[in-house]
Amino acid sequence: TNADTGAFEVNVPQGEYTMVVKSFGYEPKVIQSLQVGASLAGQKITLENLPDMLLVDDDGHDLLEPYFSDSLQGIGRKFTNWDSRIAGAPTADVLIQYKIFIWHTGFDYQTTFTPAERDAVKQYLATGGHLFISSQLGGINLRQSQFFGEVFHAKFVTILRSSQGPIPMIVGAENTPIATGVELN
């Protein structure tokens, strides 16, 4: 690999391949059905810069991500969508490529923030990253852990139920890396 240009060379036998090109700070690119033959001299592959925001869909099969993606698209924010069902939980190496990280877990409370996920989040926050977490019941799983208080700087108080009255709307504070212009109902 040429550090100045990013050019690289791969020697493989003739055949058909799926090529995945990754580089820190860039969107990965997948090239399906790449035909490698005797006459293939080279191929130029251009990677796009990553947006500054990562949206992690970790709600299992709840399909709650449109609440986040639609809001972000509505205010013109570019983001990478990470589906944990397909890609697994993001590691610290993935997270630190983003300035802002939104993790939504839906109604899952039994597997919210596994030890590996906790470690990745802790490493990410230690680098100065910004986290917004949304979880219907994640606080139940984490309420007695040191992680909840020491890393999230949070305290479990209660579960809000719609039978107790209207659930308050969340409005992003101005001049913050994550929430400026965001409204969640």
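In short, a report on the structure. (Residues numbered from 1 in each chain as written. Predicted model: local features only at pLDDT ≥ 70, side-chain atom pairs only at ≥ 80, totals over all residues. Heavy atoms only, no water.)

Comments concerning the sheet that holds strand S5 (residues 100–104)
Pairing is parallel in the open sheet, where four strands are placed in the order S4-S3-S5-S6. Two strands bound the open sheet, and with one partner strand each, they are strand S4 (80–83) and strand S6 (130–134). The average undirected angle you get between the axes of adjacent strands in this sheet is 15°. Pairing analysis gives four bridges linking strand S3 (residues 53–57) to S4, with the strands arranged parallel. Bridging from a neighbouring strand, Leu-54 pairs with Thr-80 of S4. Sitting on the sheet, helix H1 (residues 65–74) is in contact with S3, S5 and S6, with an inclination near 160° to S3. (Pairing = 2+ DSSP bridges. Helix = DSSP H or I, 4+ residues; strand = E, 2+ residues; numbered from the N terminus. Axes fitted to C-alpha atoms, helices over the stretch in contact; angles between N-to-C directions. Contact = heavy atoms within 4.5 Å.)

Notes on unusual backbone geometry
Notably, Ser-33 is not glycine yet its phi reads approximately 50°, a positive angle. Here Ser-33 is to be found in strand S2 (residues 29–36).

Overview of the pattern of salt bridges
Scanning the entire structure with this criterion turns up two salt bridges. For Asp-52, the salt bridge goes to Arg-77, with nearest N and O atoms at 2.8 Å. One end of the pair, Asp-52, is in the loop between S2 and S3; the other, Arg-77, is in the loop between H1 and S4, and 25 residues separate them in sequence. Look at Arg-77 and you get partly exposed, because its relative accessible area is 23%. The partner of Asp-83 in a salt bridge is Arg-85, with the nearest N and O atoms 3.2 Å apart. Among the residues examined, Arg-85 registers a relative accessible area of 41% and is labelled partly exposed. (Salt bridge = Lys/Arg side-chain N within 4 Å of Asp/Glu carboxyl O. Buried < 20%, exposed > 50% of the residue type's maximum accessible area, 1.4 Å probe, protein only.)

Description of H1
Among the residues of H1, Glu-65, Phe-68, Ser-69 and Leu-72 are the ones counted as buried. Within H1, the buried residues cover an arc of 90° as seen down the axis, which keeps them to one side. Exposed residues lying more than 90 degrees from the buried face of H1 are Tyr-67 and Gly-74. Taken from the residues just after H1, Gly-76 is the one with a positive phi, measuring 80°. (Arc of directions from axis to C-beta.)

Some points on helix H4 (residues 115–126)
Here H4 spans 16 Å end to end across 12 residues, near enough to the 16 Å set by a 1.5 Å rise per residue. Structurally, H4 contributes buried residues whose contacts are with helix H3 (92–95), S5, S6 and helix H6 (146–150). A positive backbone phi angle near 95° is found at Gly-128, which sits one or two residues after H4. (Expected span 1.5 Å × (residues − 1).)

What about the environment of Ile-102?
Checked against the element boundaries, Ile-102 lands in strand S5. Each C-alpha atom, one on Ile-102 and one on Asp-57, is 8.7 Å from the other, the two residues being 45 residues apart in sequence.

Structural notes on the nonpolar core
Counting 20 residues, the largest nonpolar core has Leu-54, Phe-101, Trp-103, Val-121 and Phe-152 as its most contacted members. Elements represented by at least two residues in this core include exactly S3, H3, S5, H4 and H6. (Core = buried A, V, L, I, M, F, W, Y, C linked by side-chain atoms within 4.5 Å.)

So, the side chain of Asp-83
Relative to the elements of secondary structure, Asp-83 occurs in strand S4. Classification of Asp-83 as buried rests on a relative accessible area of 16%. A distance of 3.0 Å separates the side chain of Asp-83 from the backbone nitrogen of Arg-85, its partner in a polar contact. Asp-83 has contacts with Asp-57 and Gly-88, leaving out every residue within four places of it along the chain. (Polar contact = N/O pair within 3.5 Å; in protein donor to acceptor, adjacent residues only side chain to side chain.)

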